[in-house]
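Fold and contact review
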Amino acid sequence: MNSTIFVGLDVHKATVSVAVAEGTRGGEVRSFGTVANRAEAIEKLVGRLARDGYRLSFCYEAGPCGYGLHRQLTALGHECVVVAPSLIPIRAGDRVKTDRRDAVMLAKLHRAGELTAVWVPDGAHEAMRDLIRARATAVQVLGKARQHLQGFLLRHGRVYPGKRGWTQAYRRWLTTVRFDHPAQQAVLQDYIHAVTDAEARVARLTRQIEGLVAEWSMAPVVAALQAMRGVAFLVAVTVVAEVGDFSRFANPRQLMAYLGLVPSEHSSGASVRRGGITKAGSGLARRILIEGAWSYRMPARVSRKLYDRIEALPQAVRDIAWKAQARLCARYRRLTAAGKAKVVVTTAIAREMVGFLWAIAREVQPRPAS
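This is a predicted model, so every value here is computed, not measured.

Procedures and definitions
Residues numbered from 1 in each chain as written. Predicted model: local features only at pLDDT ≥ 70, side-chain atom pairs only at ≥ 80, totals over all residues. Heavy atoms only, no water. UniProt positions renumbered as here; feature names shortened; annotations may be inferred. Helix = DSSP H or I, 4+ residues; strand = E, 2+ residues; numbered from the N terminus. Core = buried A, V, L, I, M, F, W, Y, C linked by side-chain atoms within 4.5 Å. Buried < 20%, exposed > 50% of the residue type's maximum accessible area, 1.4 Å probe, protein only. Domains from an automatic or database assignment. Contact = heavy atoms within 4.5 Å. Pairing = 2+ DSSP bridges. Salt bridge = Lys/Arg side-chain N within 4 Å of Asp/Glu carboxyl O. Axes fitted to C-alpha atoms, helices over the stretch in contact; angles between N-to-C directions. Parallel < 35°, antiparallel > 145°, perpendicular 65-115°, else oblique. Left-handed = near helix turned anticlockwise from the far one by under 90°. Nonpolar A, V, L, I, M, F, W, Y, C, P; charged D, E, K, R; others polar. Right-handed = clockwise from strand over helix to strand, strands pointing away. Phe/Tyr/Trp six-rings, centres within 6.5 Å; stacked < 30°, edge-to-face > 60°. Lys NZ or Arg CZ within 6 Å of the ring centre and 35° of its normal.

The feature "domain: Transposase IS110-like N-terminal" (unreviewed entry), as given by UniProt, occupies residues 7-154 in the numbering adopted here. For residues 7-154, the end-to-end C-alpha separation is 59 Å, with 45% helix and 22% strand making up the annotated structure.

Written as structure tokens, this is what we have:
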């Protein structure tokens, strides 16, 4: 008899539904009940399942409960994979969904090898990712606060006469805006305070990221990626936090697909239909790469800021970065001359940027020997 038991876990905030599948093909698959989602209850469950000497292989879907369960199970000496929910095979005719059935399905598919695991970061990497995502959230809040203020001013006919907003001149102009009614003046001041507080929050989180990156194990990769044009500190640290270990991708195409920058396709027989990008993976990383692609609309050159970033980097990294810049600037011109829409151009440039970022990361973080 195979000594492996495959365990499917349907994890929720308070409970975990458990199902087990015997390791032999066609072996019994059964529900094992529900336990509390607490460390002591999970440890007791593992003890019950492993008491006859079975080797346990757990799986559960990635979700809001995070990676704590994965770390607990691996610390207890058992295999555990965190599954990508969007890649779980689902039968089209199945119209009944319960926690029990989900756990049974996970156990069956795990035994059959049909599940796709996600990369699980270590504690330090997850902490840096949380900090960087907190800053991204703060930037969104700042954008909303500015929109609320500008919408209020526009609704009451207060229009800034200058060309650009949020400059020093714009802020000075805000101090001259007056309303006859005290309530409206109070609203204006509250919106201004909201913008000021949001800006202070973004600046505070940015300083914390800058201070903690030096202690991060991925700091060399962050520094190396900044050799690319359009990839300054915040872009580099965000990409590294979202992608994680670059060496797990065998080629650039895999990384492009992971970031959702490859075209979708729905083909059948002689019919071939390709659509927009898949938008899989991290939307944050994809967005900042597309923003960085705008820098390639200008001719290739090494500016002073870029030179300061690459001065201390290895020559191999600098060569890759210059090759990328020359090629992508030329490609940007060709696509624009062909009449392509700007969103198509920047997406194509971002996709090619990923290939060069992968090559640079592999120079600094070589692929481990198999």
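Still more to cover.
Moving on to the nonpolar core. Side chains of a nonpolar character, in soluble globular proteins, are inclined to be buried together. Ranked by internal contacts, the top residues of the largest apolar core, which has 77 residues, are Leu153, Leu225, Met228, Phe246, Leu289 and Met353. If you tally residues by element for this core, the top one is helix H13 (residues 342-364), at 11 residues. Each of domain 2 (123-216) and domain 3 (236-364) accounts for three or more of the residues forming this core. In this structure Leu153 touches Arg158, Tyr170, Trp173, Leu174, Val177, Phe179 and Leu188, once residues within four positions along its chain are discounted.

The next subject is helix H8 (residues 233-243). Given 3.6 residues per helical turn, the α-helix brings residues three or four places apart onto the same face. Judged by how many residues are buried, H8 sits mostly within the fold: 9 of 11 residues are covered. In this fold, the buried residues of H8 make contact with helix H4 (123-155), helix H6 (182-213), helix H7 (219-225), helix H9 (252-258) and helix H10 (283-293). Just downstream of H8 lies Gly244, where phi reads positive at about 85°.

Direction of pairing for strand E2 (residues 15-22) relative to strand E3 (residues 29-36): antiparallel, over a ladder of 7 bridges. Bridge assignment links Val16 to a residue of E3, and that residue is Val35. Hairpin connection, E2 to E3: the antiparallel pair is bridged by 6 residues, and Gly26 has positive phi, about 80°.

Overall, the coordinates contain 13 salt bridges when judged by the stated rule. Notably, a salt bridge pairs Arg91 with Asp94, separated by 3.7 Å at the nearest N-O pair. Judged by relative accessible area, Asp94 falls into the partly exposed class, the value being 30%. Salt-bridge contacts for Arg331 lead to Glu352; the nearest nitrogen and oxygen are separated by 2.3 Å. Here the residue Arg331 occupies a position in helix H12 (residues 315-337), and Glu352 occupies one in helix H13, the gap between them amounting to 21 residues. Salt bridges sharing partners connect three or more residues here, namely Arg91, Asp94 and Arg101.

Close contact between helix H1 (residues 39-50) and helix H2 (residues 68-75) brings their axes to 11 Å; oriented N to C, the two are set at 45°. As the angle between them shows, H1 and H2 are arranged oblique. Pair H1 / H2 crosses with right-handed handedness. When H1 is examined against H2, the residues Ala39, Ile42, Glu43 and Val46 are found in contact with a partner set consisting of Leu69, Gln72 and Leu73.

Take the domain arrangement of the chain next. With domains assigned, the chain is organised as domain 1 (4-112), domain 2 (123-216) and domain 3 (236-364). A straight line from the C-alpha centre of domain 1 to that of domain 2 covers 44 Å.

In contact at an axis separation of 9 Å, H4 and H8 are set at 130° when each is read in the N-to-C sense. Of the possible angle classes, the one that applies to H4 and H8 is oblique. When the axes of H4 and H8 are compared, the crossing they make is left-handed. Taking contact as the criterion, the partners of His125, Arg129, Ile132, Arg133 and Arg135 in H4 are, on H8, Leu234, Val237, Thr238, Val240, Ala241 and Glu242. Grouping the constituent residues of the contact of H4 with H8 by class yields 5 nonpolar, 2 polar and 4 charged.

Our next topic: the pairing of strand E5 (residues 79-83). The buried count for E5 comes to 4 of 5 residues, which makes it a mostly enclosed element. Sheet topology places strand E4 (residues 55-61) next to E5; 5 bridges connect them, and they run parallel. Paired with Ser57 across the bridge in E5 is Glu79. Each parallel crossover has a hand, and the one from E4 via H2 to E5 is right-handed.

What follows deals with unusual backbone geometry. Positive phi is not limited to glycine here, since Trp166 has a value of about 65°. Relative to the helices and strands, Trp166 is located in the loop between H4 and helix H5 (168-174). Although it is not a glycine, Lys279 adopts a positive phi angle of roughly 55°. Given a relative accessible area of 57%, Lys279 falls into the exposed group.

In this section: the packing of aromatic side chains. Taken as a whole and assessed by the stated rule, the structure comprises 7 aromatic pairs. On the basis of an interplanar angle of 55° and a centroid distance of 5.2 Å, the ring pair of Phe249 and Tyr258 is categorised as tilted. Judged by its relative accessible area of 6%, Phe249 is buried. Take Tyr258: its relative accessible area is 30%, and that puts it in the partly exposed class. Here Arg146 stacks its cationic end above the ring of Trp166, 4.8 Å away from the centre of that ring. Seen from the ring of Phe179, Arg158 lies directly overhead, with NZ or CZ sitting 4.2 Å from the centre.

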